Amino acid sequence: MKCISVYTDNFEQFSDVFEQVMEMELKENDELELEGLTVSDSGEVPAHYLERMAVKPEVVVMKDRHKGVMILQHGKVFEILIPTDSDLAENAAESTTV
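Counting restarts for each chain: residues are numbered from 1 in the order of the written sequence. With the structure being a predicted model, the display of local features is reserved for residues of pLDDT at least 70 and the display and counting of side-chain atom pairs for 80 or more, all residues being used for whole-chain, interface and lining totals. Note: side-chain values were computed over all heavy atoms of the structure, leaving out hydrogens and water.

A.B. asks: Would you explain the packing of aromatic side chains in this entry?
C.D. replies: The geometry of an aromatic ring pair is captured by the separation of the ring centres together with the interplanar angle, meaning the angle of the planes. Any two of the Phe, Tyr and Trp rings considered here, Trp counted by its six-membered ring, make a pair once their centres fall within 6.5 Å; the pair's planes then place it as stacked at under 30 degrees, edge-to-face at over 60, or tilted in between. For the coordinates displayed, the defined rule picks out four aromatic pairs. With 4.2 Å between their ring centres and 5° between their planes, Phe14 and Phe78 make a pair best called stacked. Linking Phe14 in helix 1 (residues 11–23) with Phe78 in strand 6 (residues 77–82), this pair joins segments that are 64 residues apart in sequence. With respect to class, Phe14 is no different from Phe78; both count as buried. Among the aromatic residues, those joined into a cluster by ring pairs are Phe11, Phe14, Phe18 and Phe78. Strands are runs of DSSP state E lasting at least 2 residues, helices are runs of H or I lasting at least 4, and numbering of each runs from the N terminus. Exposure categories follow from relative accessible area, calculated using a 1.4 Å probe and restricted to protein chains: below 20% of the type maximum is buried, above 50% is exposed, and the middle band is partly exposed.

If you want it as structure tokens, here you go:
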């Protein structure tokens, strides 16, 4: 999964820039400022990262069903986890074998 980090602890600020962040074409390790917030492409994270983070009490997990992304909020950062083509293919293969 691709991970994009938005550095803020303010949900309203995050919500205001979320659509713009989703439209950005960031390359790995790119960082820019958007409406006073730092946004960076944190590269790829393994699938078990979401599972590991979701069990922590200080982590809020949200899902945007329309975009198919998961959002983790912890500390002063929101992490947007976007499935890559290989993630989608792997999930499709798993669902056909179950």
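A.B. asks: I would appreciate a short explanation of the nonpolar core in the present structure.
C.D. replies: If you look at the biggest cluster of nonpolar residues, it comprises 16 residues, and the most contacted ones within it are Ile4, Val6, Phe14, Val21, Val39 and Ile80. Mapped by element, the contributors of at least two residues to this core are strand 1 (2–7), helix 1, strand 3 (37–44), strand 5 (69–74) and strand 6. Considering each element in turn, this core owes the most residues, four residues, to helix 1. Any two residues whose heavy atoms approach within 4.5 Å at even a single point are treated as in contact. Among residues more than four places away in sequence, those in contact with Val6 are Phe14, Val17, Val21, Leu37, Thr38, Val39, Lys76, Val77, Phe78 and Ile80. Here, the term nonpolar core denotes a set of buried Ala, Val, Leu, Ile, Met, Phe, Trp, Tyr and Cys residues that are joined through side-chain atoms within 4.5 Å. Cys3, Val45, Val59 and Met70 belong to the second-largest nonpolar core, a separate cluster that totals 10 residues.

A.B. asks: Would you mind going over the side chain of Asp41 with me for this structure?
C.D. replies: Relative to the helices and strands, Asp41 is located in strand 3. Overall, the relative accessible area of 5% leaves Asp41 in the buried class. N or O atoms closer than or at 3.5 Å make up a polar contact, with two conditions inside protein: a donor-capable atom paired with an acceptor-capable one, and, for residues adjacent in sequence, both atoms drawn from side chains. Looking at Asp41, its side chain comes within polar contact range of the side chain of Lys2, at 3.4 Å. Here Gly43 takes part through its backbone nitrogen, which lies 2.7 Å from a polar atom of the side chain of Asp41. Every residue in contact with Asp41, bar those within four places of it in the chain, is listed here: Lys2, Cys3, Leu26, Lys27, Glu28, Asn29 and Asp30.

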